Structure formats: C-alpha cells, structure tokens
Amino acid sequence: MNGQGRLAAIIDLVLPATCVGCGTGRASTLCPACVEVLAAARPRATRPAPSPAGLPATSALGAYSGVLRGTILAYKERGRHTAAGMLGAHLATVVAHALPTVGPVLVVPVPATAAAVRRRNGDHMLRLARAAARTLRRRGLAARVV
C-alpha cells in the first residue's frame, strides 16, 4: 500500500466513509445489511452463455450485481482499499470451492497496466490476490501469489 493508500485507510478508520456495498450510511467498510448479504453468498459453478469452447470450469460468489457489484466497484474504481481483506477472503472461499483436490494453490492476478496502477493507487488485483492467498493459508491450504 502506498502513502496515499495508507492515508486513505487511516482516514477511513477515523472518519468512516459510506458503505462500500450500498453507498449509504456510515460504515468503515460494509454496513450490517451488506455484511449480511455477502455472508449469505455461497460460491457456485457458473458459465457464460454462450460458453466459449474450451473454457475451463468457472466459479463465482454471486451475480455481478447489487452489494457484490457495489463492493467490487468501490474497491476497484473508488479507491476503497480497506475492502481488499474482505474481498480477498471471499475470493479465497470461491477458490477453495473451485479446487478439484486439495493441494498447492497458485493465485495469479490479472496483470494491471501501468496507467491502471497509477489511477488506482496500486495494483488492485495483486493486492486482492495477496489477501486471498493469506486467507487460504490461514485455512490450511498451501497458497501463494505468482
């Protein structure tokens, strides 16, 4: 986390911003209603329609809408880096659900362009991948970011 990201996290702790999920109220990251929505989400297999030939199995925490979409957009586009740990934990849950067997897990973030890294005050996908790998390790899986 760079200096600007650290400052934003400190300010968010002292003077909480609106909920990252719904944008209402005063919550450091998520309001109780949004915490409940995400806590109830369960990973599931999903496929785009039409599904491209050769697409490997895919999983998701939920549809890209509502609280999940709001949280991802706040993290990715509005600099709400405090959501990285929570989103990383949910990503870890989806990764664990998608694993065919228990074994070493390599979390590979989608590379960010230099412009995106500057605009977002850091590599948001690398930050998320690291949070997911930490969560997977805490859950007893050998995981690392590559």
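In what follows, the structure referred to is the one given above.
Residues numbered from 1 in each chain as written. Predicted model: local features only at pLDDT ≥ 70, side-chain atom pairs only at ≥ 80, totals over all residues. Heavy atoms only, no water.

1. Regarding the side chain of R127
The topology assignment puts R127 in helix α6 (residues 124-138). Once you skip the residues sitting within four places of it in the chain, R127 turns out to touch Y75, H81, A84, R120, N121 and G122. (Helix = DSSP H or I, 4+ residues; strand = E, 2+ residues; numbered from the N terminus. Contact = heavy atoms within 4.5 Å.)

2. As for the packing of helix α2 (residues 32-40) against helix α3 (residues 66-77)
Closest axis-to-axis distance for the α2/α3 pair is 9 Å, and the angle between their directions is 105°. In terms of orientation, α2 lies roughly perpendicular with respect to α3. When α2 is examined against α3, the residues C34, V37 and L38 are found in contact with a partner set consisting of V67, L68 and T71. (Axes fitted to C-alpha atoms, helices over the stretch in contact; angles between N-to-C directions. Parallel < 35°, antiparallel > 145°, perpendicular 65-115°, else oblique.)

3. Points about unusual backbone geometry
In this model, A49 is joined to P50 through a cis peptide bond whose omega is 0°. Turning to its location among the elements, P50 is positioned in the loop between β1 (44-46) and β2 (58-60). Unlike most non-glycine residues, N121 shows phi in positive territory, near 55°. Mapped onto the secondary structure, N121 falls in the loop between α5 (114-119) and α6.

4. Structural notes on the nonpolar core
One finds L30, C34, L38, Y75, A83, M86 and L87 to be the most contacted residues of the largest nonpolar core, which totals 17 residues. Sorting the residues of this core by element identifies α2, α3 and α4 (84-98) as the ones contributing at least two each. If we skip the residues at most four places from it in the chain, C34 touches C19, G21, C22 and V67. Core analysis: the second largest hydrophobic core is formed by nine residues, A92, V105, V107 and A133 among them. (Core = buried A, V, L, I, M, F, W, Y, C linked by side-chain atoms within 4.5 Å. Buried < 20%, exposed > 50% of the residue type's maximum accessible area, 1.4 Å probe, protein only.)

5. Observations concerning a positive patch on the surface
Taken together, R130, R134, R137, R138 and R139 make up a surface patch of like positive charges. On the secondary structure map, R139 appears in the loop between α6 and β4 (143-145). (Patch = residues over 30% accessible without salt bridge, like charges linked within 9 Å, V, L, I, M, F, W, Y side chains within 5 Å. Areas by Shrake-Rupley, 256 points an atom, 1.4 Å probe, with all protein chains shown as cover. Salt bridge = Lys/Arg side-chain N within 4 Å of Asp/Glu carboxyl O. Lys, Arg positive; Asp, Glu negative; His and termini not counted. Charge placed at Lys NZ, Arg CZ, Asp CG, Glu CD.)

6. Some words on the side chain of R80
By the element assignment, R80 lies in the loop between α3 and α4. Overall, the relative accessible area of 12% leaves R80 in the buried class. Polar contacts involving the side chain of R80 include one to the main-chain carbonyl oxygen of T18, which spans 2.8 Å. (Polar contact = N/O pair within 3.5 Å; in protein donor to acceptor, adjacent residues only side chain to side chain.)

7. Focus: the state of the cysteines
On inspection of all chains with the given rule, the structure shows zero disulfides. For C19, which is in no disulfide, the shortest distance to another cysteine sulfur is to C34 and amounts to 3.7 Å. Judged by its relative accessible area of 2%, C19 is buried. In this structure C34 is a free cysteine whose sulfur lies 3.6 Å from that of C31, the closest cysteine sulfur available. (Disulfide = S-S within 2.5 Å.)

Honestly, it's all geometry; don't read function into it.
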